[in-house]
Amino acid sequence: MAGASFILAINLFIAALFALAFFLVAATNRSDGTPRWFALAYCCGLLYIGSEFILPVQVNPQLTYTAGFAAFLGALGCATIGIAARYRLPVPWLLLAVITGLSIAANWLAFDLGRDSLVRLFAYQAPYALLQALAAWLVWRSRRRQPMDVGLIVLFCLSAVQFLSKPLVAQWTGGVGDFEQSYIATTYALYSQSLGAILQVAVGLLILLMLVRDMLVEITARSETDPLSSLLNRRGFEDRAVAALAAASQTGAPITLVASDLDSFKSINDGFGHETGDQVIVAFAALLAAASPKTAIVSRMGGEEFAVLLPGAGLAAARLYAEALRAAFSGMPIAALPAHMRVTASFGIAEYDGSESLSDLRRRADSALYVSKRGGRDRVSVAAGPDEDQMPMHPLEGSTAMRRTG
């Protein structure tokens, strides 16, 4: 078996593995079109490699030659569409259609030129280079500059240069063979198949790594997000809050915790049903998300309890924030409740002292929250110092969470 034939056999196996890998990723993450397009790209690559094996036994190889070219062009086109999907960019359908149509026609017409003709060689390789350059441009246009994104740009650019260099390499290495049947035994074929395979495998591996990373990020986000309110859950809040307190401790910047609780929420569930209670939680969560600064860490800690950590905010700013929330929520109609009913929330505020733990800060904020509850609900209270404990010894005895308007 010639060296190039051996490389082709390896490429066939690798392309099949990549196609299977991308299909499996696509089956796992149906919302992302990227793996489907790359799976299709490697399937087209399989067709191209198959055409290279068939060419030596063809009496009239023009059709197989052009079909193989079209298959590899389709592989690079599908990869380009996959890149557009990966980076949430519009697919340049018209440009891809023009490149595909003109390139196939040009290669069909150029077939009768000499096999070592630079015109024929460039007609074959230039469209590949153009598609790889287009893929690199799409990644660049996305303005993402993480190491993997930069690596992808570099690989696409190297692949484009490699395709453009092939006609010159063919001249230097003695040509592409006198006949289609003799191509596979040439030094050029060994160079072309080896280098092209290395670059395409590198691109495939990098795309797979990016997709797996995205899936892990999504899984992590789901594990840290409360499904009802779409806010962070307790785990997500604590992970971010600990880091924020550590940063504040080092910089000396103020940071304040606002704890909140929907007043007598059990009476809403008992009187109107849990579905109505869920709508109240969603409404309050939406208010928190809309009213909080971008730097805030907003969470639903569980049940009707919420917490907001405000980096850069002292007690005065946090109190204004909480009072605005309290007033807005107490005047907010809830669609599932009678028009004259309103739900209220109580708030407790504690400013980080620079050294206490998150659990200590939360305890002080909860103490202030209980003061608001004991004081009649629908109010904001500020925590005492770290050495004072205002937490009540007995559970609260509540009044109704709803009040009549007018």
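Residues numbered from 1 in each chain as written. Predicted model: local features only at pLDDT ≥ 70, side-chain atom pairs only at ≥ 80, totals over all residues. Heavy atoms only, no water.

**A look at empty space enclosed by the protein**
Then comes step 1: Tallied over the full model, the rule gives one cavity of 30 Å³ or more.
Then comes step 2: Taken as a whole, the largest cavity holds about 690 Å³ of empty space.
Then comes step 3: In this structure, the largest cavity is lined by 42 residues; those nearest its centre are Tyr48, Glu52, Phe72, Lys166 and Gln193.
Then comes step 4: Elements with a minimum of two residues in the lining of the largest cavity: α1 (3-28), α2 (34-54), α3 (62-86), α5 (118-141), α6 (147-172) and α7 (187-223).
Then comes step 5: Residue classes in the lining of the largest cavity are distributed as 25 nonpolar, twelve polar and five charged. (1 Å grid on protein atoms, 1.4 Å probe; cavity = no way out; pocket = protein on both sides within 12 Å on 5 of 7 lines; lining within 4 Å. Points joined across faces, edges and corners; volume = space filled by probe spheres on them. Helix = DSSP H or I, 4+ residues; strand = E, 2+ residues; numbered from the N terminus. Nonpolar A, V, L, I, M, F, W, Y, C, P; charged D, E, K, R; others polar.)

**Focus: the packing of α3 against α5**
Then comes step 1: For the pair α3 and α5, the least separation of the axes is 8 Å and the interaxial angle reads 10°. In terms of orientation, α3 and α5 fall into the roughly parallel class. Residues Tyr65, Gly68, Phe69, Phe72, Leu73, Leu76, Gly77, Thr80, Ile83 and Ala84 of α3 touch α5, and the partners they reach there are Arg120, Ala123, Tyr124, Pro127, Tyr128, Leu131, Gln132, Leu134, Ala135, Leu138 and Val139.
Then comes step 2: Residue classes in the contact of α3 with α5 are distributed as 16 nonpolar, four polar and one charged. (Axes fitted to C-alpha atoms, helices over the stretch in contact; angles between N-to-C directions. Parallel < 35°, antiparallel > 145°, perpendicular 65-115°, else oblique. Contact = heavy atoms within 4.5 Å.)

**A closer look at the environment of Ile99**
Then comes step 1: By the element assignment, Ile99 lies in helix α4 (residues 93-110).
Then comes step 2: Counting along the chain gives 151 residues from Ile99 to Gln250, while the straight-line C-alpha distance between them is 57 Å.
Then comes step 3: Once residues within four sequence positions are removed from consideration, Ile99 is found in contact with Leu73, Leu130 and Leu131.

**Considerations on the packing of aromatic side chains**
Then comes step 1: All chains considered together, the criterion is met by 17 aromatic pairs.
Then comes step 2: Their ring planes at 45° and their centres at 4.9 Å tell us that Tyr48 and Phe72 sit as a pair that is tilted. With Tyr48 in helix α2 and Phe72 in helix α3, this pair connects stretches of sequence that are 24 residues apart. A single burial state applies to Tyr48 and to Phe72, both of which are buried.
Then comes step 3: For the pair Tyr65 and Tyr124, a centre-to-centre distance of 5.4 Å together with 40° between the ring planes defines the contact as tilted. Separated by 59 residues along the polypeptide, Tyr65 in helix α3 and Tyr124 in helix α5 bring together distant segments of the chain.
Then comes step 4: It is Arg86 that lies over the ring of Tyr87; its NZ or CZ is 5.1 Å from the centre.
Then comes step 5: Cation over ring: Arg145 sits above Trp140, and NZ or CZ is 3.9 Å from the ring centre. (Phe/Tyr/Trp six-rings, centres within 6.5 Å; stacked < 30°, edge-to-face > 60°. Buried < 20%, exposed > 50% of the residue type's maximum accessible area, 1.4 Å probe, protein only. Lys NZ or Arg CZ within 6 Å of the ring centre and 35° of its normal.)

**Concerning the pattern of salt bridges**
Then comes step 1: A complete count under the given rule lists twelve salt bridges for this structure.
Then comes step 2: Arg362 is the salt-bridge partner of Glu238, the closest N and O atoms lying 3.2 Å from each other. A residue pair is termed long-range when its members are at least 10 positions apart, and Glu238 in helix α8 (residues 234-251) and Arg362 in helix α12 (residues 358-374) qualify at 124 residues.
Then comes step 3: A relative accessible area of 28% places Glu238 in the partly exposed class.
Then comes step 4: Through salt bridges with shared partners, one network takes in Arg86, Arg213 and Asp214. (Salt bridge = Lys/Arg side-chain N within 4 Å of Asp/Glu carboxyl O.)

**Regarding the sheet that holds strand β6 (residues 380-382)**
Then comes step 1: In spatial order, the strands read β2-β3-β1-β5-β6; together these five strands make up an open sheet with mixed pairing. Bordering the open sheet on either side are β2 (297-302) and β6, each of which pairs with just one other strand. Going from strand to strand, the sheet's axes swing by 20° on average, the running direction of each strand aside.
Then comes step 2: Summarising the sheet, strand β1 (residues 255-262) and strand β5 (residues 345-351) pair through seven bridges and their orientation is antiparallel. Residue Val258 lies in a different strand from β5, and its bridge partner there is Ile349.
Then comes step 3: Each of β1, β2, β3 (305-311) and β5 touches helix α10 (residues 274-291); the most contacted strand, β3, lies at about 5° to it.
Then comes step 4: Across the face of the sheet, helix α11 (residues 315-330) comes into contact with β1, β3, β5 and β6 while running at roughly 170° to β5. (Pairing = 2+ DSSP bridges.)

**Some remarks on α3**
Then comes step 1: Under the 1.5 Å per step criterion, the end-to-end length of α3 is 36 Å for 25 residues, consistent within 8% with the ideal 36 Å.
Then comes step 2: Of all the 25 residues making up α3, 20 are buried; the element is thus mostly covered by neighbouring parts of the structure. (Expected span 1.5 Å × (residues − 1).)

**A few points about the layout of surface pockets**
Then comes step 1: Approximately 190 Å³ is the volume found for the second largest pocket.
Then comes step 2: Taken together, Asn29, Ser31, Asp32, Gly33, Thr34, Ala85, Arg86, Arg88, Arg144, Asp214, Met215 and Glu218 form the lining of the second largest pocket.
Then comes step 3: When residues of the lining of the second largest pocket are traced back to their parent elements, those giving at least two are α3 and α7.
Then comes step 4: Ranked by residues supplied to the lining of the second largest pocket, first place goes to α7 with three residues.

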